[in-house]
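Chain by chain, the residues:
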There are 2 protein chains.
Amino acid sequence: LLPGVPPESANPAFEAELAAFIDRHQAELLQIDDSLGLVMDAARQSVLAGGKRLRPTFAYWGWRCLLPPGALGEPLLIRAAASLELLHACALVHDDVVDGSDTRRGQPAAHRQFAAAHRDAGWPGDADSFGAAGAILLGDLLLSWSEEMFAAAIRGLPEVRAAAAMSQFDLMRTEVVAGQFLDVIAQARGDFDVAEARRVIEFKTSRYTVQRPLSLGAAAAGAGPDLLAELARFGRALGEAFQLRDDLLGVFGDPARTGKPAGDDLREGKRTVLLALATHAANRPQRAVLEQGVGNPGLDAAGLNRLREVLIDTGARAEVERLIVESAELASEIVRAAEIRPDAAHALHELIGVAAHRSA
Amino acid sequence: LLPGVPPESANPAFEAELAAFIDRHQAELLQIDDSLGLVMDAARQSVLAGGKRLRPTFAYWGWRCLLPPGALGEPLLIRAAASLELLHACALVHDDVVDGSDTRRGQPAAHRQFAAAHRDAGWPGDADSFGAAGAILLGDLLLSWSEEMFAAAIRGLPEVRAAAAMSQFDLMRTEVVAGQFLDVIAQARGDFDVAEARRVIEFKTSRYTVQRPLSLGAAAAGAGPDLLAELARFGRALGEAFQLRDDLLGVFGDPARTGKPAGDDLREGKRTVLLALATHAANRPQRAVLEQGVGNPGLDAAGLNRLREVLIDTGARAEVERLIVESAELASEIVRAAEIRPDAAHALHELIGVAAHRSA
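Rules used throughout
Residues numbered from 1 in each chain as written. Chains lettered and ligands numbered in written order. Predicted model: local features only at pLDDT ≥ 70, side-chain atom pairs only at ≥ 80, totals over all residues. Heavy atoms only, no water. Helix = DSSP H or I, 4+ residues; strand = E, 2+ residues; numbered from the N terminus. Rg over C-alpha atoms; globule rule 2.2 N^0.38 Å. Buried < 20%, exposed > 50% of the residue type's maximum accessible area, 1.4 Å probe, protein only. Contact = heavy atoms within 4.5 Å. Areas by Shrake-Rupley, 256 points an atom, 1.4 Å probe, with all protein chains shown as cover. Lys, Arg positive; Asp, Glu negative; His and termini not counted. Charge placed at Lys NZ, Arg CZ, Asp CG, Glu CD. Salt bridge = Lys/Arg side-chain N within 4 Å of Asp/Glu carboxyl O. Polar contact = N/O pair within 3.5 Å; in protein donor to acceptor, adjacent residues only side chain to side chain. Arc of directions from axis to C-beta. Least-squares fit on C-alpha atoms with pLDDT ≥ 70 in both. Phe/Tyr/Trp six-rings, centres within 6.5 Å; stacked < 30°, edge-to-face > 60°. Lys NZ or Arg CZ within 6 Å of the ring centre and 35° of its normal. Buried area = accessible area lost by both parts, 1.4 Å probe. pLDDT = per-residue confidence, 0-100. Axes fitted to C-alpha atoms, helices over the stretch in contact; angles between N-to-C directions. Parallel < 35°, antiparallel > 145°, perpendicular 65-115°, else oblique. Left-handed = near helix turned anticlockwise from the far one by under 90°. Nonpolar A, V, L, I, M, F, W, Y, C, P; charged D, E, K, R; others polar. Disulfide = S-S within 2.5 Å.

A. Local environment of the overall build of chain A. The helix and strand inventory of chain A stands at 16 helices and two strands. What you see for chain A is a C-alpha radius of gyration of 21 Å, in line with the 21 Å of a compact globule of 360 residues. In terms of principal-axis extent, the alpha carbons of chain A reach across some 60 × 60 × 30 Å. Residues counted as buried form 59% of the 360 residues belonging to chain A. Considering only intrachain contacts with a sequence separation of at least 6, the fraction spanning at least 24 residues in chain A is 75%. Put simply, chain A shows about 13400 Å² of open surface, and 53% of that area lies on carbon and sulfur atoms. The averaged location of the 49 negative side-chain charges in chain A is 3 Å from the averaged location of its 37 positive side-chain charges.

What follows is the structure, given as structure tokens:
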């Protein structure tokens, strides 16, 4: 659960909604065939074994910008907000296939789980292909289920508000895939700069993690265009801070807290603002270190430390910290000026602190 | 378009709806970034370059079981029906990644298109990984879009009918992925029998291609539980005939008409009823031919012909033809007895003929 933010009754409710949804579909799939228990185990782990529940939390506080706790329809909004975690689980499962990542939240990634099940069962054929197939299908199931859960909940709200929330949900799903494409294309091209890295962030993270969930909750509560525009500005600023912190944690974070091996972003050659800044500022020997190390899957601990030194010595790390502070301050200003309920303003300030300064 | 079935105004309308939807999203994505043109080219090809439009056609005739042509809401139903093609495009794009298929409808499969674009651009890194990543993301986009298009159309219908149609759509999406899982698991296990192959068909094809689309259209038109149960029986029978014909075409069909290289099903080791019957009936030398040839990606034309001979000599091909006739006759009986509009009964009879006896 998201630390440091007053969740009132929302966070346990997200977990309960997700668990009930998964239980219902587990019964449905096991009725089709026992062997689908394999799928449900992976679905359960990808949805219920941790996660900060950032998107549901933002959706909830978007709603609360306009409405007091316990307002009519809040249980439906909480259910719709929780459904965003099914979408996110799809994104992570498919992302791990695309990146060939071994772990997720400290556990084997879904495609590795399926491959392990194949090996344990002693089946003939290629366990890794089975793993990829299983994870692609699992992601499809999670994506369908996200929409099923969202639509069933949201259509209980007044029609105009439901339609407005649905259209934010539609934009969210198109934009996150567009952002992932931009990321994959930037990575394939090999050339990238700070502006391009920030653009990937805008679509892959800011809009997806902060802006659309917030707007979705606010739209469901009946927000007008002015408030939606302010929340969009807030989301962009906070989303950027969130992603920049993520990039720092991917390189300098404590694996015991982040649940991901340190340095995987560098081994994968992930195109971050941090890396773009370092590349831009590097002298010749520093550039050579970057070129040899970044995107090298076999990079060892010593090589990783040399890269970290370059990221520090070029001033890139400090510049990213500065950008985080700048974005967080902009987000704070927007909240102070926005015409929203004081308890929501308080929670959004807390969320700024968490997103910008978290260690996990 | 589906040959031999009176489409009245429906089929051109499906194409127009899909083209308009793709055009609108093309504009949206190009506004984000020019490089996303790559994605839209693949989306356009996967949705608009052919296809029999079976699922929209069944959805349309499900609706027409109760309502005359031009009834109130028909344009919305046609739009909702067309959205099933976006879901189907996702299934095909992801299936081709999972199966490593090179072509689809006579064109390079989506992951091959992305890989070719990578090579043409001279980007560094692995073109095939880029191709798989692009196709996984494209499928996700198509799946989201299917739901977006479906939900936006269906919610214009009276609430109870919209909810009933939505719940068929939800079942359809869960069942098709469940069916694909059963298929992948059966393939991984290596052991399978006729009963298991028919079970995969039920979920992967009968329900997905016929039963749910029909039920969805009928539910949108206000069908009660008795009619839905009859249409489900019809769908199961016709879906089985459809899939059994598909299996025969995959082995004995003319590639110029099917758009798929002949024998790919055998090279992939696809677990069909045809193959299960042959395995069951084979003598020792025939069994050796099957074991050596099925699932061998390097199988040449001579090897393929030896397999075809075994499928004929064991009586498997004739038995599958018999099963098709049996299923088609059952489907016809159900239509004759059902309380549906005569023009819909006529169209469903035509559809039985097409599904059971088509050559493409």
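B. Spatial organisation of helix H12 (residues 273-281) of chain A. Taken together, the buried positions of H12(A) are Val273(A), Leu274(A), Leu275(A), Ala276(A), Leu277(A) and Ala278(A). For H12(A), the secondary structure elements touched by its buried residues are helix H8 (194-220), helix H9 (225-252), helix H11 (264-268), helix H13 (284-293), helix H14 (301-313) and helix H15 (316-337) of chain A.

C. Focus on the side chain of Arg308(B). Residue and element names in this part refer to chain B. The residue arginine 308 is located in helix H14 (residues 301-313) in this model. Although arginine 308 lies buried, it forms no salt bridge, and the closest oppositely charged side chain, glutamate 309, sits 8.9 Å away as judged by the N-O distance. Side-chain polar atoms of arginine 308 contact the backbone oxygen of valine 251, separated by 2.7 Å. What arginine 308 contacts, discounting residues up to four positions off in sequence, is Val251, Phe252, Ala262 and Gly263.

D. Spatial organisation of H13(A). Residues and elements named next belong to chain A. Inspection of H13 places Gln286, Leu290 and Gly293 among the buried residues, and these make up the whole buried set. The buried residues of H13 all sit within an arc of 85° when viewed along its axis, so they share a single face. What points out from H13, more than 90 degrees from its buried face, is the exposed set Arg284, Pro285, Glu291 and Gln292. The opening residue of H13, the one whose side-chain oxygen lies 2.9 Å from the backbone nitrogen of glutamine 286, is asparagine 283. Glycine 295, located one to two residues past H13, shows a positive phi value of around 85°.

E. The relation of the copies chain A and chain B, seen in detail. For the pair chain A and chain B, the relating rotation is 180°, the translation along its axis is 0.0 Å, and the fit reaches an RMSD of 0.1 Å. A rotation of that kind, with that shift, is consistent with a two-fold axis. Comparing interface residues between copies, 98% of those in chain A also sit at the interface in chain B, which points to an isologous, same-surface contact.

F. Local environment of the packing of aromatic side chains. Here the structure, examined in full by the defined rule, presents twelve aromatic pairs over all chains. Geometrically, the ring pair formed by Trp123(B) and Phe130(B) is edge-to-face, given 5.5 Å between the ring centres and 80° between the ring planes. Comparing Trp123(B) with Phe130(B) shows no difference in burial state: the two are buried. Among the aromatic residues, those joined into a ring-pair cluster are Phe114(A), Trp123(A), Phe130(A) and Phe181(B). The ring of Phe242(A) has Arg358(A) lying over it, and the distance from NZ or CZ to the ring centre is 4.0 Å.

G. Up close: the interface of chain A and chain B. Every contact between the two is made by 51 residues of chain A and, on the other side, 50 residues of chain B. Between chain A and chain B, a total of about 4600 Å² is buried, with carbon and sulfur atoms accounting for 71% of that surface. Counting across the chain A and chain B interface gives four salt bridges. Close ionic contact of Arg173(B) with Glu147(A) constitutes a salt bridge, the shortest N to O distance being 2.5 Å.

H. Expanded view of the environment of Ala355(A). Residues and elements named next belong to chain A. By the element assignment, alanine 355 lies in helix H16 (residues 342-357). By relative accessible area, which is 2% here, alanine 355 ends up buried. Alanine 355 sits 82 residues away from valine 273 along the chain, and the two C-alpha atoms are 17 Å apart. When neighbours within four sequence positions are excluded, alanine 355 is seen to be in contact with Leu238, Ala241, Phe242 and Arg245.

I. Structural view of unusual backbone geometry. All names here are of chain A. The phi angle at arginine 105 is positive, at roughly 50°, despite the residue not being glycine. You can see arginine 105 is positioned in the loop between strand S1 (103-104) and strand S2 (107-108). According to the relative accessible area criterion, arginine 105 is partly exposed, its value standing at 28%.

J. How the structure looks around the confidence of the model for chain A. Residues and elements named next belong to chain A. With 97% of its residues at a pLDDT of at least 70, chain A reaches an overall mean of 91. Mean pLDDT in chain A bottoms out at helix H10 (residues 255-258), which sits at 79, and peaks at helix H6 (residues 127-154), which reaches 97. What the predictor reports for the complex is a pTM of 0.91 with an ipTM of 0.91.

K. The packing of helix H4 (residues 74-99) of chain A against H6(A), seen in detail. Residue and element names in this part refer to chain A. In contact at an axis separation of 8 Å, H4 and H6 are set at 165° when each is read in the N-to-C sense. Between H4 and H6, the crossing angle belongs to the class labelled roughly antiparallel. The handedness of the crossing between H4 and H6 is left-handed. A per-class count over the contact of H4 with H6 returns 19 nonpolar, four polar and two charged.

L. Structural detail: the pattern of salt bridges. All names here are of chain A. Tallied over the entire structure, the rule returns 52 salt bridges over all chains. A salt bridge links glutamate 15 to arginine 53, with the nearest nitrogen and oxygen atoms 2.7 Å apart. Note that glutamate 15 is positioned in helix H1 (residues 10-32) and arginine 53 in the loop between helix H2 (37-48) and helix H3 (54-64), a separation of 38 residues in sequence. Taking relative accessible area as the criterion, arginine 53 reaches 1% and is therefore assigned buried. Among the charged side chains, a network of salt bridges with common partners joins Glu175, Glu202, Arg207 and Arg212.

M. Fine view of the environment of Val310(A). Residues and elements named next belong to chain A. By secondary structure assignment, the location of valine 310 is in helix H14. Look at valine 310 and you get buried, because its relative accessible area is 6%. Each C-alpha atom of the pair valine 310 and threonine 174 lies 36 Å from the other, and the pair is 136 residues apart in sequence. If sequence neighbours within four positions are ignored, valine 310 has contacts with Gln286, Val289 and Leu290.

N. Quick peek at the packing of H9(A) against H16(A). All names here are of chain A. Across the interface, H9 lies against H16 with an axial gap of 7 Å and an inter-helix angle of 30°. In this view, H9 runs roughly parallel relative to H16, as classed from their interaxial angle. Counted together, Phe234, Leu238, Ala241, Phe242 and Arg245 of H9 and Leu348, Leu351, Ile352, Ala355, Ala356 and His357 of H16 form the full contact between these two elements. Residue composition of the contact of H9 with H16, grouped by class: nine nonpolar, one polar and one charged.

O. Spatial organisation of the environment of Phe203(B). Relative to the assigned elements, Phe203(B) resides in helix H8 (residues 194-220). Once the C-alpha coordinates of Phe203(B) and Val176(B) are considered, the two residues, 27 residues apart in sequence, prove to be 6.0 Å apart. Once you skip the residues sitting within four places of it in the chain, Phe203(B) turns out to touch Ile32(A), Glu175(B), Val176(B), Gly179(B), Leu182(B) and Tyr208(B).

P. Spotlight on the side chain of Glu17(A). Positionally, Glu17(A) belongs in helix H1. For Glu17(A), a relative accessible area of 18% gives the class buried.

Q. Up close: the state of the cysteines. Counted according to the given criterion, the structure contains zero disulfides over all chains. Among the cysteines around Cys90(B), which has no disulfide bond, Cys90(A) carries the closest sulfur, lying 9.2 Å off.

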